[in-house]
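Residue strings, one per chain:
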Amino acid sequence: MRQAAQNPARDPAGPGDPPCRKQEPRRGRPRSAAVERAILDAVVQLLEAGETLDGLSIERIARTAGVGKATIYRRWSGKEELFVDVLRDIEPADPTVSGTAGLDDLRVLLESMRTRGLAQRSSALLHNVFVQMKKHPRLWTEYQSTVIAPRRAAMLAAVRRAVDAGELRDDLDVELMDDLFLGPMLVRTVHRPEAPLPEDLADRIIRTLLQGLAPRGPEPRAAAAGRTAAPV
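None of these values were measured; they are calculated from a predicted model. (Residues numbered from 1 in each chain as written. Predicted model: local features only at pLDDT ≥ 70, side-chain atom pairs only at ≥ 80, totals over all residues. Heavy atoms only, no water.)

Caption draft 1: Broad picture of the pattern of salt bridges. Summed over all chains, the structure comprises 19 salt bridges. A salt bridge links Arg 151 to Asp 94; its shortest N-O distance comes to 3.0 Å. Of the two residues, Arg 151 is situated in helix H8 (residues 137–164) and Asp 94 in the loop between helix H5 (79–90) and helix H6 (103–122); the sequence distance between them amounts to 57 residues. For Asp 200, the salt bridge is made with Arg 204, and the minimal N-O distance between the two is 3.9 Å. Residue Asp 200 is classed as partly exposed on the basis of its relative accessible area of 35%. Where salt bridges share partners, they join Glu 91, Asp 94, Arg 116 and Arg 151 into one cluster. (Salt bridge = Lys/Arg side-chain N within 4 Å of Asp/Glu carboxyl O. Helix = DSSP H or I, 4+ residues; strand = E, 2+ residues; numbered from the N terminus. Buried < 20%, exposed > 50% of the residue type's maximum accessible area, 1.4 Å probe, protein only.)

Caption draft 2: Representation of the layout of surface pockets in the model. Volume-wise, the largest pocket comes out at about 840 Å³. Around the largest pocket sit 30 residues that line it, and Met 113, Ile 148, Leu 186, Thr 189 and Val 190 are the ones nearest its centre. Going through the elements one at a time, H6, helix H7 (124–133), H8 and helix H9 (174–191) are the ones with two or more residues in the lining of the largest pocket. The dominant element in the lining of the largest pocket, judged by the number of residues it contributes, is H8, at ten residues. When the residues that make up the lining of the largest pocket are grouped by side-chain class, the tally is 16 nonpolar, seven polar and seven charged. (1 Å grid on protein atoms, 1.4 Å probe; cavity = no way out; pocket = protein on both sides within 12 Å on 5 of 7 lines; lining within 4 Å. Points joined across faces, edges and corners; volume = space filled by probe spheres on them. Nonpolar A, V, L, I, M, F, W, Y, C, P; charged D, E, K, R; others polar.)

Caption draft 3: Quick peek at the packing of H6 against H9. Two numbers describe how H6 lies on H9: the axes approach to 9 Å, and their chain directions differ by 10 degrees. Relative to H9, the element H6 is oriented roughly parallel. Across the interface between the two elements, Leu 103, Leu 106, Leu 110, Met 113, Arg 114, Gly 117 and Arg 121 from H6 touch Phe 181, Leu 182, Met 185, Leu 186, Arg 188 and Thr 189 from H9. Residues of the contact of H6 with H9, tallied by class, amount to eight nonpolar, two polar and three charged. (Axes fitted to C-alpha atoms, helices over the stretch in contact; angles between N-to-C directions. Parallel < 35°, antiparallel > 145°, perpendicular 65-115°, else oblique. Contact = heavy atoms within 4.5 Å.)

Caption draft 4: Just the nonpolar core, in detail. Counting 33 residues, the largest nonpolar core has Ile 39, Val 43, Ile 61, Ile 72, Leu 82 and Leu 87 as the members making the most contacts within it. Elements with a minimum of two residues in this core: helix H2 (33–48), helix H3 (58–65), H5, H7 and H8. If you tally residues by element for this core, the top one is H2, at nine residues. Residues contacting Leu 87, with those up to four places away along its chain left out, are Leu 126, Val 129, Phe 130, Met 133 and Tyr 143. Membership of the second largest hydrophobic core comes to 22 residues, among which are Leu 103, Leu 110, Ala 162 and Ile 206. (Core = buried A, V, L, I, M, F, W, Y, C linked by side-chain atoms within 4.5 Å.)

Caption draft 5: Representation of the packing of aromatic side chains within the structure. One pass over the structure, following the stated rule, counts two aromatic pairs. Ring geometry for Phe 130 versus Tyr 143: centroids 5.6 Å apart, planes at 85 degrees, classification edge-to-face. Placement of Phe 130 in helix H7 and of Tyr 143 in helix H8 is noted, with a sequence separation of 13 residues between them. For Phe 130, a relative accessible area of 8% corresponds to the buried category. Judged by its relative accessible area of 2%, Tyr 143 is buried. (Phe/Tyr/Trp six-rings, centres within 6.5 Å; stacked < 30°, edge-to-face > 60°.)

Functional significance is not addressed by these values, which are geometric in nature.
What follows is the structure in structure tokens.
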């Protein structure tokens, strides 16, 4: 079990704390990484113990983390925001891309999708949280807008850089090309949980799309037959 939740850092504003010593005046209240860690770990602890997202309350989370409810609300506007950060915390971290490369950055982002898919398959907690989250429209919308949308924007930007660098055609719809790269990985990680996710999957997707799906060599029979049968 996570130690931070079992031995939480005390919040300066939490109940039962000793009076603070007088200090030099300062602007605002600094955010405590230890307190935030305790709150996130408290949510995970409760979920691992069998609590559902519906059953979790800010009061219960605060009590488990050893902080006051106001401490949570200073950091998150409500459960939706908090749960999204919890999910980010237990998912593999998003990768760092160069921001200048095209296909190389796209490969990194596709590989990140693959590793997240593997993590969801191997983690009962992560899988259960995703299943429950989809039943909560506000939570799912928050996750889509703050997590999924930036990831999609990063992939689209990488495709545009690949076009600008001459790595991809410049006469096609960029968003369609992005969907073509994204689609196979999305199908395997989300819609086909039994499908293999080999280490070279990102490379294979990119290579296949660059090479195209039409057969090499002689002209396809269907195309040749179509011209032969056309009226003169």
